[in-house]
Structure formats: structure tokens, C-alpha cells
Amino acid sequence: MLEKSVSLHIRVAPEEVHLWHFPLRDRRLGAWVAMVVPLLAGLLISWRFEQWWSGVIVAIIGYAVIWRNWLPVQVTLSATGIKERCLGFERRINWTAIRSYEIRRHGVLLFPDEKLTRVAPLRGLYLHWGKQKEEVLEVVDYYLQAWAGSAPQSTHAMQRLVI
């Protein structure tokens with residue numbers, strides 16, 4: 001009788017990861033330049049239409065649109081998904097809602113779409129990992145592979161590297 005050797009591959013779930021992202025501190029010049037753009041737009045509108053309140057409205061709308069460039073955000077990566085907190089508001093994203101991701105230079109970009117288009121990054125969530133690169137990649141890889149199947153890393157369809 002021929003004996004078959006079966007190897008069980010047990011994966012241990014990674015620890016919960018807590019990230020704090022302070023864009024004005026972490027992204028420095030890029031975030032500060034982004035902070036100047038709504039101010040300049042407000043000044044331009046105020047000057048062009050000679051109404052100070054129109055410039056204030058444009059600047060407020062501009063800062064509301066780019067809130068991720070200046071407000072600190074706390075992100076928790078756990079078994080239940082991603083929890084994002086900012087100014088007392090909390091948003092949860094399940095791992096099943098993430099279809100693909102890209103590893104970038106300073107973080108990972110998570111997409112809700114399998115097919116990546118030019119506007120896909122606008123719908124995605126960027127996680128700036130700071131000094132916790134290995135922990136973030138371990139959690140993202142573990143949970144996205146768990147939902148995508150047990151394909152080996154080299155054939156994993158979800159990972160797309162961008163340098």
C-alpha cells in the first residue's frame with residue numbers, strides 16, 4: 001500500500017495593526033503644497049469676482065475635498081476589516097470589499113474593483129504605513145489571500161507591484 005504524505009499548512013493570523021497618519025508631518029512638502037492650492041483658488045475667485053465671501057466658500061470647499069491631505073487619521077487593520085477614524089467619525093471596510101491592491105513607495109492602495117482603470121485610484125483607499133511597512137503588508141496579504149483563496153504568492157492575482 002502506498003502512503004501519501006499530506007502537508008498541512010497552518011497560517012497564524014497576524015496581530016491587529018494600528019496606524020496613525022499625520023499627513024502634514026508624514027508627507028511634508030506634498031501635503032503643504034496641497035494646503036496652499038485651495039487658499040490660492042479662494043484668493044483668485046475673491047479677486048476676480050470682487051466678493052470676499054465667494055473666495056471663502058471656494059477655499060472651504062477645497063479644503064473639504066482634500067481632507068485626507070491635512071487631517072490626522074487613525075487606521076486599524078484587524079480580522080474584521082479596516083477601521084478608519086477621523087474627527088470622531090468611523091468608517092469600516094470589510095476585507096471582502098477589497099478586490100485588488102497595489103504596493104506603492106510609502107503605502108498600499110486598496111481598490112474595490114478587480115479591473116483597474118485610470119479612475120480606479122480615486123475610488124480606492126490609500127494606507128500610508130509610516131514605519132510599520134512589514135506589519136501592514138503582512139495583514140493585508142494574509143486577509144486578502146484568505147478571501148481570494150489559497151493560491152501561492154507568486155500566482156496571487158490580487159497583488160500588483162508599483163515602484
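It should be emphasised that the depicted structure is a prediction, and the values quoted were computed from it without experimental measurement.

Asker: How would you explain the sheet that holds strand 2 (residues 73-78) if you had to name every residue and give the values?
Answerer: Ordered in space as 1-2-3-4, the four strands form an open sheet in which the pairing is antiparallel. With one partner strand each, in any of the chains shown, strand 1 (17-21) and strand 4 (89-93) form the two edges of the open sheet. Neighbouring strand axes in the sheet, compared pairwise and without regard to direction, differ in orientation by 15° on average. Strand direction decides the pairing type here: strand 1 and strand 2, joined by five bridges, are antiparallel. Within strand 2, the position partnered with Val-17 by the bridge is Leu-77.

Asker: How would you sum up the layout of surface pockets? Please name residues and give values.
Answerer: Of the voids in this model, the largest pocket is the one considered here, and its volume is about 340 Å³. Taken together, 18 residues make up the lining of the largest pocket; nearest its centre are His-21, Arg-27, Arg-68, Asn-69 and Tyr-126. Only strand 1, strand 2 and strand 7 (125-128) provide two or more residues apiece to the lining of the largest pocket. A per-element tally of the lining of the largest pocket places strand 7 first, with four residues. Class assignment of the residues belonging to the lining of the largest pocket gives a composition of 11 nonpolar, four polar and three charged. Put simply, the second largest pocket is a space of about 210 Å³. Around the second largest pocket, the lining residues are Arg-104, Leu-109, Pro-121, Leu-122, Gly-124, Leu-125 and Tyr-126. Contributions of two or more residues to the lining of the second largest pocket are made by helix 4 (120-123) and strand 7. The residue inventory of the lining of the second largest pocket, partitioned by class, reads five nonpolar, one polar and one charged.

Asker: Which residues make up the environment of Ser-46, and what values do they have?
Answerer: With respect to the helices, strands and loops of the structure, Ser-46 is situated in helix 2 (residues 29-49). For Ser-46 and Ile-57, which are 11 residues apart along the polypeptide, the C-alpha to C-alpha distance reads 9.5 Å. Excluding anything up to four places from it in sequence, Ser-46 contacts Gln-51, Trp-52, Ser-54 and Gly-55.

Conventions and cut-offs
- Throughout this description, residue numbers start from 1 for each chain and increase along the sequence as written.
- pLDDT decides what is reported in this predicted model: residues at 70 or higher carry local features, side-chain atom pairs at 80 or more are listed and counted, and totals for whole chains, interfaces and linings draw on all residues regardless.
- Side-chain measures were taken over the full set of non-hydrogen atoms in the model, leaving aside hydrogen atoms and water.
- Only when DSSP finds a minimum of two bridges between them are two strands counted as paired.
- Elements are defined by DSSP. Helices are runs of H or I of four residues or more, strands are runs of E of two residues or more, and each kind is numbered from the N terminus.
- Fitted lines through C-alpha atoms serve as axes, helices being fitted only where they are in contact, and the angles separating the N-to-C directions of these axes extend from 0 to 180 degrees.
- Here the term cavity refers to a set of points on a 1 Å grid, laid over the protein atoms alone, in which a 1.4 Å probe fits but cannot get out; the term pocket refers to an open set having protein on both sides within 12 Å along at least five of seven lines, with lining residues being those that place an atom within 4 Å of a point.
- Grid points are joined across faces, edges and corners, and a volume is the space filled by probe spheres set on the points.
- Residues are grouped as follows: nonpolar covers Ala, Val, Leu, Ile, Met, Phe, Trp, Tyr, Cys and Pro; charged covers Asp, Glu, Lys and Arg; every other residue, Gly included, is treated as polar.
- In this analysis, two residues are considered to be in contact whenever any of their non-hydrogen atoms come within 4.5 Å of each other.

Any functional reading would require information beyond the geometric quantities listed.
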